[in-house]
Amino acid sequence: MKLLAFFLTLAVTLPVTAQDDAQPERPQRRRFGAPPKLNEDDKAAFPDPAAGFSAVREDIPHGKLEMIEYESKTVGTTRKMNVYTPPGYSSEKKYPVLYLLHGIGGDETEWQRFAQPGNLLDNLMADGKAKPMIIVMPNGRAQKNDRAEGNVFEAAPAFAVFERDLLDDVIPAIEARYSVDTNREQRALAGLSMGGGQSLNFGLTHLDTFAWVGGFSSAPNTKQPEELVPDADAAKRQLKLMWLSCGNKDGLLGVSQNMHAFLKGHEIHIWHVDGNGHDPTHWQNSLYYFLQKVFM
Ligand code: FER
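### Section: the overall build of the chain
1) Next: Helices and strands together make up the secondary structure of the chain, namely ten helices and eight strands.
2) Next: A total of 296 residues make up the chain; the buried ones form 53% of that total.
3) Next: Sequence separation of 24 or more characterises 75% of the internal contacts of the chain that already satisfy a separation of 6 or more.
4) Next: For the chain, the exposed surface amounts to about 13,300 Å²; the carbon and sulfur share of it is 52%.

### With respect to the pattern of salt bridges
1) Next: Counted according to the given criterion, the structure contains 14 salt bridges.
2) Next: Glutamate 108 is the partner of arginine 147 in a salt bridge, and the nearest nitrogen-oxygen pair spans 3.1 Å. A residue pair is termed long-range when its members are at least 10 positions apart, and arginine 147 in the loop between β4 (134–137) and α5 (156–177) and glutamate 108 in the loop between β3 (97–101) and α3 (110–115) qualify at 39 residues.
3) Next: Ionic contacts of the salt-bridge type, sharing partners, join the residues Arg79, Asp107, Glu108, Arg113, Asp146, Arg147 and Asp165 into one network.

### Details of helix α10 (residues 280–290)
1) Next: Most of α10 sits out of view: ten of its eleven residues are buried.
2) Next: Among all positions of α10, only Pro280, His282, Trp283, Gln284, Asn285, Ser286, Leu287, Tyr288, Tyr289 and Phe290 are buried.

### Regarding the pairing of β4
1) Next: Taking every second residue as pointing to the same face, both faces of β4 are buried, with Ile134 and Val136 on one and Ile135 and Met137 on the other.
2) Next: Relative to β4, strand β2 (residues 77–85) runs antiparallel, the two being bridged by three bridges. Counted as the bridge partner of asparagine 82 is methionine 137 from β4.
3) Next: Judged from the three bridges that link them, β3 and β4 form a sheet pairing that is parallel. Paired with leucine 98 across the bridge in β4 is isoleucine 135.

### Digging into unusual backbone geometry
1) Next: Located in the positive-phi region is serine 193, a residue other than glycine, with phi close to 55°.
2) Next: Counting through the fold element by element, serine 193 comes out in the loop between β5 (187–192) and α6 (194–204).
3) Next: Among the residues examined, serine 193 registers a relative accessible area of 8% and is labelled buried.

### Things to note about α6
1) Next: Most of α6 is tucked away, with eleven of its eleven residues classed as buried.
2) Next: Along α6, the positions that sit buried rather than exposed are Met194, Gly195, Gly196, Gly197, Gln198, Ser199, Leu200, Asn201, Phe202, Gly203 and Leu204.

### Details of the sheet that holds strand β1 (residues 64–72)
1) Next: Strand order in this open sheet of eight strands is β1-β2-β4-β3-β5-β6-β7-β8, and the pairing throughout is mixed. Lying at the two open borders of the sheet, with one neighbouring strand each, are β1 and β8 (269–274). The average angle at which neighbouring strand axes cross in this sheet is 20°, direction not considered.
2) Next: Where β5 and strand β6 (residues 212–216) come together, five bridges link them in parallel fashion. Among the inter-strand pairings, glycine 191 is bridged to a residue of β6, identified as glycine 215.
3) Next: Set on the sheet, α6 makes contact with β3, β5, β6 and β7 (241–247); between it and β5 the angle comes to about 150°.
4) Next: In the packing of helix α9 (residues 253–263) onto the sheet, contacts are made with β7 and β8, and the angle to β7 comes to roughly 140°.

### Regarding the packing of aromatic side chains
1) Next: Under the criterion given, the structure shown has twelve aromatic pairs.
2) Next: When the centroid spacing of 4.6 Å and the interplanar angle of 15° are considered together, the rings of phenylalanine 46 and tyrosine 289 count as stacked. Taken as a pair, phenylalanine 46 in the loop between α2 (18–22) and β1 and tyrosine 289 in helix α10 lie far apart in primary sequence, 243 residues in all. In terms of burial, phenylalanine 46 and tyrosine 289 fall into one category: buried.
3) Next: Consider the rings of phenylalanine 216 and tryptophan 243, whose centres lie 6.1 Å apart with planes at 80°: the pair is edge-to-face. In this pair, phenylalanine 216 sits in strand β6 while tryptophan 243 sits in strand β7, placing the two residues 27 residues apart along the sequence. With respect to burial, phenylalanine 216 and tryptophan 243 carry one shared label: buried.

### A closer look at the pairing of β8
1) Next: A large share of β8 lies buried, amounting to six of its six residues.
2) Next: Judged by which residues are buried, β8 turns out to be covered on both faces: His269, Trp271 and Val273 on one side and Ile270, His272 and Asp274 on the other are all buried.
3) Next: Pairing of β7 with β8, which is carried by six bridges, proceeds in the parallel orientation. Looking at the pairing, tryptophan 243 lines up with isoleucine 270 of β8.

Rules of the game
- Residues numbered from 1 in each chain as written.
- Predicted model: local features only at pLDDT ≥ 70, side-chain atom pairs only at ≥ 80, totals over all residues.
- Heavy atoms only, no water.
- Helix = DSSP H or I, 4+ residues; strand = E, 2+ residues; numbered from the N terminus.
- Buried < 20%, exposed > 50% of the residue type's maximum accessible area, 1.4 Å probe, protein only.
- Contact = heavy atoms within 4.5 Å.
- Areas by Shrake-Rupley, 256 points an atom, 1.4 Å probe, with all protein chains shown as cover.
- Salt bridge = Lys/Arg side-chain N within 4 Å of Asp/Glu carboxyl O.
- Pairing = 2+ DSSP bridges.
- Axes fitted to C-alpha atoms, helices over the stretch in contact; angles between N-to-C directions.
- Phe/Tyr/Trp six-rings, centres within 6.5 Å; stacked < 30°, edge-to-face > 60°.

Structural data, given as structure tokens:
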């Protein structure tokens, strides 16, 4: 197992790094491990989004993005999170909240850099295809130095510690500062890669807190399905949405296939396998469709 992790680490290319840009002659290594084996039902549930879906439109209202700080009892430091509030945000209303988690090489700025979640939502709301919501993008590496530095795989344990930071520090800080509907049906958790694994691990074991759960290209930090969904009927009753997606060129597809195979037949989840790899295109496209399901 250690050896496998070592080779996976070697095979890693963290998406869109400055280094990639500086050395264009280097081969594409945007895969983890071996190319995936596809099963018959590994198909796209949604088409690729129409051209212009992520364009910044001048003729529509835009939400606001702010970087805020909170005190983490879990880590013992002041930490940062990026928070999007929708256009017309008002303390007279109560908003649902989507907590959106980044990958192993990311931080609280990664979702904004990869996918501009607020912009996708501005466009969808303008077209009547999504609900106004707050989107919280915290830092999922719950350790004192939470920068993505050095060998980012060494911080994998801190991504597990984040369960307590999210539940005990992040959510209370958001609910104290913003006008939030605190009902479980108004709280969602989703993420990409390492953050996808976190979302499945924390979301599915805290259905009292989250009713909407999504994993995009979930990483091998994802716990075994029998541990996460010990009672499929109970999960089906409590979940408003469970989203599982991955690109068919992503070497981590097996993680999602394993969960999909376990849940198959229970009609709990959406299974979306598109033509991408382990890359921001899959994450942006998946988020675009996830936003059209969540809180609807
Ligand atoms: C691994 C391969 C990839 C792993 C994590 C990842 C914890 C995460 C990748 C990402 O977040 O992009 O073996 O083990």
